[in-house]
Amino acid sequence: MRAAASVAVLLAVLLLLPGQALAQEVGEVEIAGRVEHGADAASFDPAQARVTLNVLEGITLVSQDSALPDESGAFNFTATAVEGRTYFFSVEYQGANYSAVRDAGDLSEPVVVTVFDTTNDTSVLTVQSHTVIVTGAVPDEGFVEILERVMVRNDSDLTLTPDLNAQGPAMLSFLRFALPPGAYNLDVRSNITGGQVLEVDRGFAINSPVPPTAPGLPHQFEFVYRLDYDEPVIDLTRTMRFGAESVRFVVPVDVATPSSARLTDLGATELNGRLLRLLEGQDIAPAEVLPLAVADLPGKSAFDAARESAGEWYVRYVVPAAVGLTTAALLLLSLRRRRAVAMAGASREHLIAEARALRDAYDRHTIGTTAYEGRSRVIRDALVQAEVRDRLTEADGEGSTRD
């Protein structure tokens, strides 16, 4: 009943949107494309790279066709261009799939699909960053929810493909992630298409091929899970199989207290009305055991008291759309703690001077508490924006230097 109602609402919305129309046929078109090798073009045999065209209307497959490229890698399709349809080109090469997407208005543009040779050696992967966020606790049900976000680079010219014939629980050629014992309700998302999530010893694996990454565009993996607790402490220690260039551990101060002997406590900062405590570390070695723990988790009595006085104060889960904002705050906090000396820039110095003057006025009782707190929030927010801009500028500079 709910699904039928959702479809009815969707149709009504589409009909009410101005300028919207159902799929309209434009006409038959010739689609030209090319399959090219991203590294060793001399040894590339296009006959091994069959191209498939799937035409979709929404999630419905309308038609499918396939073709082999000629010796130069060129291929052609004849298709009916219909507004509102998606034209999905996929190429399978050495066990990995590569794709390109067009809509009806872009079919006149050449379609280029780049393929690579493959490897089963996971050493081509580098974990650029790994962030563990305790998003909230539900004391009356006795569980916490945790979001992890991992940015992975493949700086080689080979696509990692898992060896599906490998035996044993290790699955050494798979991209694998560790989970704490007892994790459940696992939800995994990635910007890599295809593949399956497989349960392995102490975590999960993904059998998706991992192609080389473009500069500044690492592959993203996000996974959310729950852990039950009946004591105020949870051990989140795990083995970092691939290591990590940087690790961040984030916990709201009203949920628990984070700790790690390997990471540095950078203090707390306010984000959207909540105080978040950040621990950070760099250069985690492959196979290094990373100690993580949270303590002071709320019990049922504390939860009931808080709910009666303040309502639902905890965050039960974080949606992927909010991850970007959280990451920006983490970058800000990291920069703030690592650099005790103020960064250059008149705007930032001016804000700091304003903050000092405001504090002096408050100490001399020439400004009231309400006005002081209001102006403090304005200055603090402006400082946050300035520091984020500086951090992004620094990151852009480092990226252009690497390029």
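Residues numbered from 1 in each chain as written. Predicted model: local features only at pLDDT ≥ 70, side-chain atom pairs only at ≥ 80, totals over all residues. Heavy atoms only, no water.

Colleague: An account of the nonpolar core is requested, with residue identities and associated values reported.
Modeller: Grouped together as the largest cluster of nonpolar side chains are 40 residues, with contacts concentrated most on Leu236, Phe249 and Val294. Listed by contribution, the elements that provide at least two residues to this core are β9 (125-138), β10 (143-154), β12 (175-178), β15 (203-206), β16 (219-228), β19 (244-252) and β22 (274-284). Sorting elements by how many residues they give to this core places β9 first, with five residues. Those residues in contact with Phe249 that sit more than four places away from it in its chain are Val132, Val134, Leu236, Pro258, Ser259, Leu263, Arg277, Leu278, Leu279, Leu292, Ala293 and Val294. Listed in part, the 26 residues of the second largest apolar core include Val55, Phe89, Tyr98 and Phe116. (Core = buried A, V, L, I, M, F, W, Y, C linked by side-chain atoms within 4.5 Å. Buried < 20%, exposed > 50% of the residue type's maximum accessible area, 1.4 Å probe, protein only. Helix = DSSP H or I, 4+ residues; strand = E, 2+ residues; numbered from the N terminus. Contact = heavy atoms within 4.5 Å.)

Colleague: Report on the pairing of strand β21 (residues 264-271), specifying residues and quantitative values.
Modeller: As defined by bridge partners, β21 adjoins β22 across six bridges and the pair is classed as antiparallel. What sits directly across from Ala268, in β22, is Arg277. The antiparallel pairing of β21 with β22 creates a hairpin that spans two residues between the two strands, and Asn272 there sits at a positive phi of about 55°. (Pairing = 2+ DSSP bridges.)

Colleague: An account of the sheet that holds strand β14 (residues 197-200) is requested, with residue identities and associated values reported.
Modeller: Two pairing modes exist for strands in a sheet, parallel and antiparallel, and in both the strands are linked by backbone hydrogen bonds. Read from one edge of the open sheet, three strands run β12-β15-β14, paired in antiparallel fashion. A single partner strand is all that each edge strand has here, and the edge strands are β12 and β14. Each adjacent strand pair in this sheet contributes to an overall mean axis angle of 30°, direction not counted. In this sheet, β15 lies alongside β14 in antiparallel orientation, the contact comprising four bridges. Looking across to β15, one finds that Glu199 is bridged to Phe204. (Axes fitted to C-alpha atoms, helices over the stretch in contact; angles between N-to-C directions.)

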